[in-house]
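# Reading the structure
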Amino acid sequence: MGSQRYWSADNVQRYCKSATGRTRRGALLVAGVAAAVVGFVASASHFQRAEMATMIPKTEETEISEKCKKFMSPPCTDVKVLQQKKEGMCTRMEMLIMETQAEFCRALEEVDGGKFKVDKWERKEGGVGISCVVQDGKVFEKAGVNLPVVFGNLTEEAAEQMRSRGKVLKGKDGILPFCAMGVSSVIHPKNPHIPTVHFNYRYFEIEEEDVPGTKQWRYRPDSYLCQ
Ligand SMILES: *[C@@H]1O[C@H](CO)[C@@H](O)[C@H](O)[C@H]1NC(C)=O
């Protein structure tokens, strides 16, 4: 699950440069969310099969509704749907990222004294997200924790791109349903001697036809400090 090989030093340096550029800061938080979806597809050549399933916790139905009350906002997917599909990896991953977002935001609030503004948004093309931002607090100039969840059918173009990297992808009637989600954060402390912190944990899954229930998935964690 190491991430370093997916990021060349050059890439990270370029990211860090734009992350610390003042004019790019606001844009970066928004761009991060949009890029997450593109990134899932673009980087989906390194799939592995589901040994990881055992590492992502399962949640019981009643537990799901209890846990949802503690999130920054109601979850992206309807609670009833999450309960119906509680065994599925997409549900387990959504619960995990929602929990991560809430825990991380609460911890930052404790340090900063400010309150996160929560914005739940919807993309026309499909997908829901929850963005939390705190600004001009005691400690942080700006800190954002973003979480997109997207369900869709892979476009033929994206499927072709993945096939060109050696993936056999065969959907039922040419349809390849996918789910893509993640949680990312960019934190700019006020103190110029403290580095900007960034992390981005993403999950991407495609359902194939050849063996019923066959799924290809990929989890990709990235985190780094920028100076
Ligand atoms: C994917 O395509 C199928 C078949 O056309 C459709 O029923 C389904 O709603 C689509 N899924 C999404 C998430 O758009």
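Reading the values: rules and limits
- Residues numbered from 1 in each chain as written.
- Predicted model: local features only at pLDDT ≥ 70, side-chain atom pairs only at ≥ 80, totals over all residues.
- Heavy atoms only, no water.
- Disulfide = S-S within 2.5 Å.
- Helix = DSSP H or I, 4+ residues; strand = E, 2+ residues; numbered from the N terminus.
- Buried < 20%, exposed > 50% of the residue type's maximum accessible area, 1.4 Å probe, protein only.
- Near = heavy atom within 4 Å.
- Polar contact = N/O pair within 3.5 Å; in protein donor to acceptor, adjacent residues only side chain to side chain.
- Areas by Shrake-Rupley, 256 points an atom, 1.4 Å probe, with all protein chains shown as cover.
- Expected span 1.5 Å × (residues − 1).
- Contact = heavy atoms within 4.5 Å.
- Core = buried A, V, L, I, M, F, W, Y, C linked by side-chain atoms within 4.5 Å.
- Phe/Tyr/Trp six-rings, centres within 6.5 Å; stacked < 30°, edge-to-face > 60°.
- 1 Å grid on protein atoms, 1.4 Å probe; cavity = no way out; pocket = protein on both sides within 12 Å on 5 of 7 lines; lining within 4 Å.
- Points joined across faces, edges and corners; volume = space filled by probe spheres on them.
- Nonpolar A, V, L, I, M, F, W, Y, C, P; charged D, E, K, R; others polar.

Attention now moves to the state of the cysteines. In protein chemistry, a disulfide is the covalent bond that joins the sulfur atoms of two cysteines. One pass over the structure, following the stated rule, counts one disulfide. One disulfide bridge connects Cys90 with Cys179, the sulfur atoms lying 2.0 Å from each other. Torsion about the S-S bond of the Cys90 and Cys179 cystine: about -75°, corresponding to left-handed handedness. Residue Cys90 is found in helix H5 (residues 89-112), and its partner Cys179 is found in strand S4 (residues 177-189); the two are separated by 89 residues along the sequence. Accessibility assignment for this pair places Cys90 and Cys179 in one class, buried. Cys132 carries a free sulfur, and the closest cysteine sulfur to it, the one in Cys105, is 4.1 Å from it.

What follows deals with the site of the ligand. Close to the ligand lie Phe151, Gly152, Asn153 and Ile175. For the ligand, an oxygen atom lies 2.3 Å from a polar atom in the side chain of Asn153. For the ligand, whose unbound accessible area comes to 360 Å², protein coverage reaches 32%.

This part takes up H5. Residues separated by three or four positions in an α-helix point in the same direction, a consequence of the helix having 3.6 residues per turn. In a regular helix each residue adds 1.5 Å, so 24 residues correspond to 34 Å; H5 covers 34 Å between its end C-alpha atoms and thus fits that length. Phi turns positive one or two residues past the end of H5, at Gly113, with a value near 85°.

Phi is positive for Asp136, which is not a glycine, with a value near 50°. Within the secondary structure layout, Asp136 lies in the loop between strand S2 (128-135) and strand S3 (140-153).

With that settled, consider the side chain of Lys86. Within the element layout of this structure, Lys86 appears in the loop between helix H4 (79-84) and H5. Residue Lys86 is classed as buried on the basis of its relative accessible area, which comes to 19%. When residues no more than four places from it in sequence are discounted, the contact partners of Lys86 are Thr59, Glu60, Glu61, Ile64, Thr91 and Arg92.

Okay, the nonpolar core next. Judged by nonpolar contacts, the single largest core of 32 residues is most densely connected at Leu108, Phe116, Ala143, Met181 and Tyr203. Where this core is concerned, the elements lending two or more residues are helix H3 (61-68), H5, S2, S3, S4 and strand S5 (196-207). When residues in this core are grouped by element, the largest group, nine residues, is from H5. Among the nonpolar cores identified, the runner-up in size contains 11 residues, and Val150, Leu169, Leu176 and Ala180 belong to it.

Turning our eyes to something else, we now look at the packing of aromatic side chains. Tallying each qualifying case throughout the model produces three aromatic pairs. Taking 5.1 Å as the distance between ring centres and 75° as the angle between the ring planes, the aromatic pair formed by Phe104 and Phe199 counts as edge-to-face. On the criterion of sequence distance, the pair formed by Phe104 in helix H5 and Phe199 in strand S5 is long-range, its members being 95 residues apart. Judged by its relative accessible area of 25%, Phe104 is partly exposed. By relative accessible area, Phe199 is classed as buried at 9%. Their ring planes at 15° and their centres at 4.9 Å tell us that Phe199 and Tyr201 sit as a pair that is stacked. Put simply, the rings of Phe104, Phe199 and Tyr201 touch in pairs and so form one group of aromatic residues.

Our next topic: the side chain of His188. Summarising the element assignment, His188 is placed in strand S4. A distance of 3.3 Å separates polar atoms of two side chains, one belonging to His188 and the other to Thr196.

On to the layout of surface pockets, then. Put simply, the second largest pocket is a space of about 320 Å³. If you trace the second largest pocket, you find 18 residues lining it, with Lys85, Cys90, Phe151, Cys179 and Glu205 closest to the centre. Contributing elements (two or more residues each) for the lining of the second largest pocket: H4, H5, S3, S4 and S5. The biggest single contributor to the lining of the second largest pocket is H5, with four residues. Here the residues of the lining of the second largest pocket sort into nine nonpolar, four polar and five charged.

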